[in-house]
Amino acid sequence: MARGGAIAFLASCAFAAPVHRELLLDSVLDSVGHAAGTANSLVSATAESVATGSSSWLRWGRTDEESEPYVSTYTTGNSSQPKPELLWSEKVMLMDGVGYHDHSHTAKDGYYIGNIPPIKRLGLPSLNLHDASQGVRTHHAAMIAQVTSWPCALAAGGTWDPALVRRWGVALGHEFLAKGVNVALAPGVNVARVARGGRNAEYLGGESAHLASRMAATYIEGMQSTGVRATVKHFGFNNQETNRNYYNARVDERTAFEVYYPPFEAAFKAGVAAVMCAYNLVNGTYACGSKELLTRDLRERLGFDGFVMSDWWAVHGFGYQNAGLDMLLPGNRMQTDGSHDFFSPDNLAKTSEPGVVDTAADRVLAEVLRAVPTCTPPYCGQEMLRARATSDEHVALSRQIATESVALLKNGGRLLPLQSGSRVALVGSACDARNDIDAMLRQWNLANYYTIGGSGRTIPLSPASVAAGLRVAWEKRVEYAGEGPFHLPLDPAPPAVEVVNGDHDDNVDLAVAAMERADVAIVCGATTAAESEDRPSLLLDQSGFIGEVLARATIPTVLVAMTPGAVLLPFAANATAIVHTFLAGQETGHAIADVLLGRENPSGKLPVTIPLSEEQTVLPCQPVEGVHISSAAGLWTQGGGGGYGVHYDCDYTESLHVGYLGLHDEPVGFPFGHGLSYTSFGYEWAEEPPAAFPPGAGGRLELAVRVSAEEGPASGGREVVQLYLSFPEGSGEPRRQLKGFVKTESLAPGEGVAVALQLTCRDLSIWSVEETAWVAVPGAFLVEVGSSSRDLRLEATFTLAATGCSSTAPTAPTGTTEGGVADPEE
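The following paragraphs examine the structure supplied in this document. (Residues numbered from 1 in each chain as written. Predicted model: local features only at pLDDT ≥ 70, side-chain atom pairs only at ≥ 80, totals over all residues. Heavy atoms only, no water.)

**What to know about the packing of aromatic side chains**
Selection rule: Here is the rule: rings of Phe, Tyr and Trp (six-membered ring for Trp) pair when centre to centre is within 6.5 Å. Planes less than 30 degrees apart are stacked, more than 60 are edge-to-face, and the remainder are tilted. A ring is considered to have a charge above it if a Lys NZ or an Arg CZ atom is located within 6 Å of its centre and within 35 degrees of its normal.
Under the defined criterion, the tally for this structure stands at 20 aromatic pairs. Put simply, the rings of Phe235, Phe237, Phe257, Tyr260, Tyr261, Phe264, Tyr652, Trp767 and Trp774 pair up and form one aromatic cluster. Looking at Arg193, its charged tip hangs above the ring of Tyr652, at a distance of 3.8 Å from the centre.

Okay, structure coming up:
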């Protein structure tokens, strides 16, 4: 952070609660190397004005017309209260957002990212909607020290631990409530079709619809248990950021229902309050204006009964409410003549089909009645700017999620965990990555190696880098090659370690020189991703530097990779060990250090494939020759099919073979589901697998597996037992589909646990376009169980009779362990 920018940031941070102000100021000053006395004086003066109540934040957002805040009198959860009867003017209030300046992308002071006004006549609360992917969105500098910058959703998915994700959902709910938010704009569940996807880090399941389904359900259950309503997004087919307002996703019906819809369906079964529709077109119509998408598929076929909100400025014409859109956000006029105020009372009256407004308002009202009343904008300065939402417990949980997401991809010669007293050369600028708060506050979608860029970003105050994590863990003074001394903890009295940090310019010669005086080298690399654009490639930002360093290394090396999704590691063969994590928030360095030093046994598994080349991935769809996309093409047009003036087709030609499902016959860098442990595990059938699926409706096939820890640390390790299913030949299904998994308890050497895996009739079914229903496939199925999609230890076959089951059984199978970890509902 530049010191001039730090001064401005410190001044704004004076809004922090008084009890935490000194800690905040100390943290920020430390991050900029104790800025000059001028900055200290400025901060002290501003902080004092807040403490004495003289700062302008006390009237933040107030207008002359609104001199007193409104307080809701409605009691959430009181079933004896009759359903309120709304006036027409109140119904349309629930359908159109407020709180933004016209002709602007900026919310007014005191308002959230999304706002639905209260119905004051009935004492009903406002809906305060806020972004959520990596925690509470820090759209104001004062919030940065008050919330947790969590690991990204993809990292949480990489834990393969639904119970842990449920705890995360609960913690997030408490943070949102503390900040005055009662509708969180999460979780994201889109399947990672495009490996470069700019928002893949925001989605829970990576390449697997099943993983996303399991994680989404527990996340939603956890969050909504706090009274905060959740929003599942982005429906549908928001699988790339490149030209996201212009591409037309052309997807066949079977692929939609088997690959892309299941995570949304699982969210609906979990009771999610809302769905956010996407920016892109789907089969020729904008998602937010598609009746096929929002009414036929979403409600009639998938059974959703909550409300649908638009993504911000994703409505491009009149009549979207007739397609199934219930709420337009953010609701401000973007045209000077007001002609496109699509959900104004007058325009809704003119363009709505009979009963549509009544139905939409009822859907929103149902969630208003369930939401916890908080503050009412614009009187939310106390909650938004002063309330401390994070806690020591949340920081500890953040560290646990980050640690459990770390995947050990390679461990040659059992190099890890590092031996006590090792001389370690820590090389690469990514080992001590910067966190430029000032720059991120200036640019809404700027990312770094700790957090995603865009609307889901939660800026960390002082994130732990890899170097900082080791510094806290070790305690030994070392020298920064070419940079001066700093403190890096090492175990008692090992030889001094030279640490190379190229900062803005990774220096291969300095790195090699440092390695000559070390026993082991830790080489760091990372890359970023942001909303509104896809990654330019899958390479690490330091790929050239890392390749040269590893090629010239004469000592064992550990590659630490931090990424927002899939990555190319062309130098993997030259690394002795490889540790990978997805963007892990403020606890990044602590989590990585815990694994490197053996304080925690790695248990993360990849939710995406690490390919050998980009030719193995689906690239973002680009305009065909002759179609030029530019800002000039973004012209608004009227009518239900209106939108941006130019769009182009994006054909999902891979159909069902998305991600790992299309790569079974090809070598890859590291496969889906892969992740090693310091413990080795053995597998055996605990019971003889059934030879046939049980007859009758609602049947389940039970599979019992015993997992035993054979070698490893006395503290134990956890394994993720994965079940892959192959359909009978001729079904047209990809083989080895993930259909179940269980993460065991920690097992010490010699200990074992019985794991129960289940398959339902729905798991044995395909979507029939002709019957518009799930239809079970008769024949012989192959079940394979193991540690990854390519490390399969057990197999069995069973048959399904032509009339052997009903495919109305629940979508997601359950998994339990005797004496181990089970899904929360069990």
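The rest of the description comes next.
**A look at the sheet that holds strand E10 (residues 407-411)**
Rule in force here: Any two strands with at least two DSSP bridges between them are considered paired. Starting at the N terminus, helices and strands are each numbered in turn, a helix being any DSSP run of H or I of at least four residues and a strand any DSSP run of E of at least two. A fitted line through C-alpha atoms serves as each axis, taken over the contacting stretch for helices, and the angle formed by two N-to-C directions is quoted from 0 to 180°. Any two residues whose heavy atoms approach within 4.5 Å at even a single point are treated as in contact.
If you trace the five strands from one edge of the open sheet to the other, you get E10-E17-E16-E15-E11, paired in mixed fashion. Looking at strand neighbours, the two that pair on one side only are E10 and strand E11 (424-427), the edges of this open sheet. The mean angle between the axes of side-by-side strands here comes to 15 degrees, regardless of whether they run parallel or antiparallel. Alignment of E11 against strand E15 (residues 520-526), held across four bridges, turns out to be parallel. Counted as the bridge partner of Val427 is Val523 from E15. Taken strand by strand, helix H19 (residues 543-552) contacts E11, E15 and strand E16 (557-563), and its axis lies near 165 degrees from that of E15.

**Concerning the state of the cysteines**
The test is simple: In this description, a disulfide is simply a cysteine sulfur pair whose atoms lie within 2.5 Å. Throughout, exposure labels follow a simple rule: accessible area from a 1.4 Å probe, protein chains only, divided by the maximum for the residue type, with under 20% read as buried, over 50% as exposed, and the rest as partly exposed.
Summed over the entire model, instances satisfying the criterion amount to five disulfides. Residue pairing for Cys277: its cysteine sulfur links by disulfide to Cys288, the two sulfurs lying 2.0 Å apart. Here the S-S torsion is close to 105 degrees, and the disulfide linking Cys277 with Cys288 is therefore right-handed. Here Cys288 lies in the loop between strand E8 (285-286) and helix H10 (291-301) and Cys277 lies in strand E6 (residues 274-277), a separation of eleven residues in the sequence. Across the pair, Cys288 and Cys277 agree in class, each one buried.

**Considerations on the environment of Ser789**
Formally: Definition of a polar contact: a pair of N or O atoms within 3.5 Å, with one able to donate and the other able to accept a hydrogen when the atoms are protein atoms, and with sequence-neighbouring residues admitted only if both atoms are side-chain atoms.
With respect to the element layout, Ser789 can be found in the loop between strand E26 (779-788) and strand E27 (791-800). Sequence spacing of Ser789 and Arg736 is 53 residues, and the spatial spacing of their C-alpha atoms is 7.3 Å. Filtering out sequence-adjacent residues up to four positions away, Ser789 remains in contact with Tyr660, Pro671, Phe672, Gln722, Tyr724 and Arg736. Of note is the side chain of Ser789, whose polar atom sits 2.7 Å from the backbone oxygen of Phe672.

**Brief notes about the pairing of strand E17 (residues 577-582)**
Each regular strand displays side chains that alternate between the two surfaces of the sheet. With six of its six residues buried, E17 lies for the most part within the structure. Burial of E17 is two-sided: the residues Ala577, Val579 and Thr581 facing one way and the residues Ile578, His580 and Phe582 facing the other way are all buried. Here E10 runs beside E17; their pairing, made up of four bridges, is antiparallel. The residue of E17 that forms the bridge with Leu408 is Val579. Note that E16 and E17 share six bridges and pair parallel. By the bridge assignment, Thr563 is partnered in E17 with Phe582.

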